[in-house]
Amino acid sequence: GIAIQSGNDATIVVAEGIAGSVESFARMMNEHGKEIGLEASTFTNPHGLHDPGMTVTMRDMAKLAAHI
């Protein structure tokens, strides 16, 4: 449901369960993103809703989709 439907609340629960907080999970997302070659994206939350500090490129999303 998180990947297919709009599961914003579910992503927060999963992030907190994995990393203890949304912020910690976002740091993990950024670290893993660099490991898989995401070069121009910075994540600030697990659900993708607007945040002024988040930048995501289409090229990086294509890389992420291929990785998944």
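Below, the structure is looked at part by part. Everything quoted here is computed from the prediction, not taken from an experiment. (Residues numbered from 1 in each chain as written. Predicted model: local features only at pLDDT ≥ 70, side-chain atom pairs only at ≥ 80, totals over all residues. Heavy atoms only, no water.)

**A closer look at the environment of Gly37**
Just so we agree on the cut-off: Under the scheme used here, helices are H or I runs from DSSP no shorter than 4 residues and strands are E runs no shorter than 2 residues, and both carry numbers assigned from the N terminus. Any pair of residues with heavy atoms lying within 4.5 Å of one another is described as a contacting pair.
Of note, Gly37 is situated in the loop between helix 2 (22-35) and helix 3 (58-67). For Gly37 and Glu23, which are 14 residues apart along the polypeptide, the C-alpha to C-alpha distance reads 21 Å. Discounting residues that sit within four places of it in the chain, Gly37 has contacts with Asp60 and Lys63.

**Regarding helix 1 (residues 8-19)**
Just so we agree on the cut-off: Between the first and last residue of a helix there are one fewer steps than residues, each counted as 1.5 Å, and that sum is the expected span.
The end-to-end C-alpha distance of helix 1, which contains twelve residues, comes to 16 Å, matching closely the 16 Å that a straight helix rising 1.5 Å per residue would cover. Backbone geometry just after helix 1 places Gly20 at a positive phi near 95°.

**Some points on helix 2**
Just so we agree on the cut-off: Working definition: with a 1.4 Å probe on protein chains only, accessible area under 20% of the residue-type maximum means buried, over 50% means exposed, and in between means partly exposed.
For helix 2, built from 14 residues, the straight-helix expectation of 20 Å at 1.5 Å per residue is met to within 8% by its first-to-last C-alpha distance of 20 Å. For helix 2, every residue scored as buried is listed here: Val22, Ser24, Phe25, Ala26 and Gly33. Summarising the contacts, the buried residues of helix 2 are in contact with helix 1. Just past helix 2, the residue Gly37 takes up positive phi, approximately 95°.

**Considerations on the pattern of salt bridges**
Filter applied, for reference: Here, a salt bridge means any side-chain nitrogen of Lys or Arg that lies within 4 Å of a carboxyl oxygen of Asp or Glu.
For the structure shown, the criterion picks out one salt bridge. The shortest N-O distance in the salt bridge between Lys63 and Glu39 comes to 3.5 Å. A residue pair is termed long-range when its members are at least 10 positions apart, and Lys63 in helix 3 and Glu39 in the loop between helix 2 and helix 3 qualify at 24 residues. When its relative accessible area of 64% is taken as the criterion, Glu39 is described as exposed.

**Some words on the packing of helix 1 against helix 2**
This is how the line gets drawn: To obtain an axis, a line is fitted to C-alpha atoms, over the contacting stretch when the element is a helix, and the angle between two such axes runs from 0 to 180 degrees between their N-to-C directions. Between 65 and 115 degrees an angle is taken as roughly perpendicular, under 35 as roughly parallel, over 145 as roughly antiparallel, and anywhere else as oblique.
Following both chains from N to C, one finds helix 1 and helix 2 inclined at 80°, their axes separated by 8 Å at the closest point. Taken together, the axis directions place helix 1 and helix 2 in an arrangement best described as roughly perpendicular. In this structure, helix 1 contributes Ile12, Ala15, Glu16, Ile18 and Ala19 to the contact, and helix 2 contributes Val22, Ser24, Phe25 and Met28.

**Some remarks on a nonpolar patch on the surface**
Where we set the bar: Any residue with relative accessible area above 30% and no salt bridge may belong to a patch, with like charges joined within 9 Å and the nonpolar Val, Leu, Ile, Met, Phe, Trp and Tyr side chains within 5 Å. Here, Shrake-Rupley sampling with a 1.4 Å probe gives the accessible areas, and only protein chains in the shown set may cover a residue.
A cluster of nonpolar residues, Val14, Ile18 and Met28, forms a patch on the protein surface that exposes about 250 Å² of accessible area. Relative to the assigned elements, Ile18 resides in helix 1.

Nothing here speaks to function; it is all geometry.
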